[in-house]
Amino acid sequence: AAGVIQSPRHLIKEKRETATLKCYPIPRHDTVYWYQQGPGQDPQFLISFYEKMQSDKGSIPDRFSAQQFSDYHSELNMSSLELGDSALYFCASSLGGHGYTFGSGTRLTVV
Amino acid sequence: GIQVEQSPPDLILQEGANSTLRCNFSDSVNNLQWFHQNPWGQLINLFYIPSGTKQNGRLSATTVATERYSLLYISSSQTTDSGVYFCAAFLRTSGTYKYIFGTGTRLKVLA
């Protein structure tokens, strides 16, 4: 069965650089969610999109932005990276909010 | 906002032992999901369980929505069960959806 695909799996960036994370949801899923999980922390909700429109916003820094495209894939753009942005970034998708399926995550390291 | 608390925070078991993990949530939720995060960081869906009891092999889960808690049972634990177990409460408010994760139970199963 198709799963949620995230790319890249690992990313190393320097401070003040920009990073773009991609998420390809399960086909026909209409909602995409982004979560950030710091070391030893539980995942924190960042932002979600329903049918290509932002549907909810959590603790997402102003330096971050995201969008969902016409093919339903989503991208999380992070600028002016800080050391504290080092984390595991998960994308999940669902159909009508019923049951999440998570991607394998992107591990971002800012040095 | 809703609080999702898990207990115990840490658990060490000998292989073959049984255990019960608890998830309490402070408000009514639309759904509840259990995840296992393996040592490689992947979030694996275990149960989608708004109420009642479900079983899948050595794992089973029970949610008592009226009393705002859910339990995850692991029987005959194996070293591959090690990792962090998260429950996530699903909220639907004003047409948007999101999961709020609990604080996690870190499980280590010893051979």
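Please refer to the structure higher up on the page.
Fair warning: this is a prediction, and the values are worked out from it, not measured in the lab.

(A) Quick peek at the overall build of chain B. Scanning chain B from N- to C-terminus turns up zero helices and 11 strands. Going residue by residue from the N terminus, the α and β elements of chain B occur as β-β-β-β-β-β-β-β-β-β-β. The C-alpha radius of gyration computed for chain B amounts to 14 Å, which stays within 12% of the reference 13 Å derived for 111 residues, consistent with globular compactness. Taking the principal axes of its C-alpha atoms as reference, chain B extends roughly 50 × 25 × 20 Å. Counting over 111 residues, chain B shows a buried share of 48%. Put simply, of all contacts in chain B between residues at least 6 apart along the chain, 55% involve residues at least 24 apart. Surface summary for chain B: the accessible area is close to 5400 Å², and the carbon and sulfur share equals 48%. Positive and negative charge centroids in chain B, built from 8 and 6 side chains respectively, lie 7 Å apart.

(B) Just the packing of aromatic side chains, in detail. Within the structure shown, the criterion is met by 16 aromatic pairs over all chains. Ring centres of Y35 of chain A and F102 of chain A lie 5.8 Å apart, and the angle between their planes is 55°; this geometry places the pair in the tilted category. Of the two residues, Y35 of chain A sits in strand 4 (residues 31-37) while F102 of chain A sits in strand 10 (residues 98-102), which places them 67 residues apart along the sequence. The exposure classification of Y35 of chain A matches that of F102 of chain A, with both residues buried. Aromatic pair Y35 of chain A and F101 of chain B: ring centres 5.3 Å apart, planes at 80°, arrangement edge-to-face. Here the residue Y35 of chain A occupies a position in strand 4, and F101 of chain B occupies one in strand 10 (residues 96-101), the pair thus bridging two chains. Assessed through its relative accessible area of 0%, Y35 of chain A is described here as buried. According to the relative accessible area criterion, F101 of chain B is buried, its value standing at 5%. Among the aromatic residues, those joined into a cluster by ring pairs are Y33, Y35, F45, F90, Y100 and F102 of chain A together with F35, F86, F90, Y99 and F101 of chain B.

(C) Structural detail: the environment of R68 of chain B. Residue and element names in this part refer to chain B. You can see R68 is positioned in the loop between strand 7 (59-64) and strand 8 (69-74). Sequence spacing of R68 and F25 is 43 residues, and the spatial spacing of their C-alpha atoms is 5.4 Å. A polar contact is formed between the side chain of R68 and the backbone oxygen of S26, at a distance of 3.1 Å.

(D) Quick look at the sheet that holds strand 1 (residues 4-7) of chain B. Residues and elements named next belong to chain B. Taken together, the five strands give an open sheet; going across it, the order is 1-3-8-7-6, and neighbouring strands pair in antiparallel fashion. The open sheet terminates on both sides in strands that have one partner only, identified here as strand 1 and strand 6 (52-56). Going from strand to strand, the sheet's axes swing by 15° on average, the running direction of each strand aside.

(E) Molecular detail of the side chain of T106 of chain A. Residue and element names in this part refer to chain A. Checked against the element boundaries, T106 lands in strand 11 (residues 106-110). On the basis of relative accessible area, T106 is assigned to the buried category, the value being 0%. Excluding anything up to four places from it in sequence, T106 contacts Q6, S7, P8, R9, L21, A87, L88 and Y89.

Definitions and cut-offs
Each chain carries its own residue numbering, running from 1 in the direction its sequence is written. The lettering of chains begins at A and the numbering of ligands begins at 1, in the order of writing. A pLDDT threshold of at least 70 governs which residues receive local features in this predicted model, and a stricter bar of 80 or more applies before side-chain atom pairs are shown or counted, although totals over entire chains, interfaces and linings include all residues. No hydrogens and no water enter the side-chain calculation; it runs on all heavy atoms of the structure. Under the scheme used here, helices are H or I runs from DSSP no shorter than 4 residues and strands are E runs no shorter than 2 residues, and both carry numbers assigned from the N terminus. To get the radius of gyration, use the C-alpha atoms; to get the globule rule, take the number of residues to the power 0.38 and multiply by 2.2 Å. Each residue is assigned to one of three classes by its accessible area relative to the maximum for its type, calculated with a 1.4 Å probe on protein chains only: buried under 20%, partly exposed between the two thresholds, exposed over 50%. The criterion used for residue contact is that any of the two residues' heavy atoms lie within 4.5 Å. Each accessible area is a Shrake-Rupley estimate made with a 1.4 Å probe; only the visible protein chains count as cover when residues are assessed. Within this scheme the basic residues Lys and Arg register as positive and the acidic residues Asp and Glu register as negative, but His and the chain ends are omitted. To locate a charge, take atom NZ for lysine, CZ for arginine, CG for aspartate or CD for glutamate. Working definition: a ring pair exists when centres of Phe, Tyr or Trp rings (six-membered ring for Trp) sit within 6.5 Å. Plane angles under 30 degrees give stacked, over 60 give edge-to-face, the rest tilted. Here a polar contact means two N or O atoms within 3.5 Å. Within protein one must be a hydrogen donor candidate and the other an acceptor candidate, and residues neighboring in sequence count only if both atoms are side-chain atoms. For two strands to pair, DSSP has to find at least two bridges joining them. In this analysis, axes come from line fits to C-alpha atoms, helices being fitted only over the stretch in contact, and the angle between any two N-to-C directions falls in the range 0 to 180 degrees.

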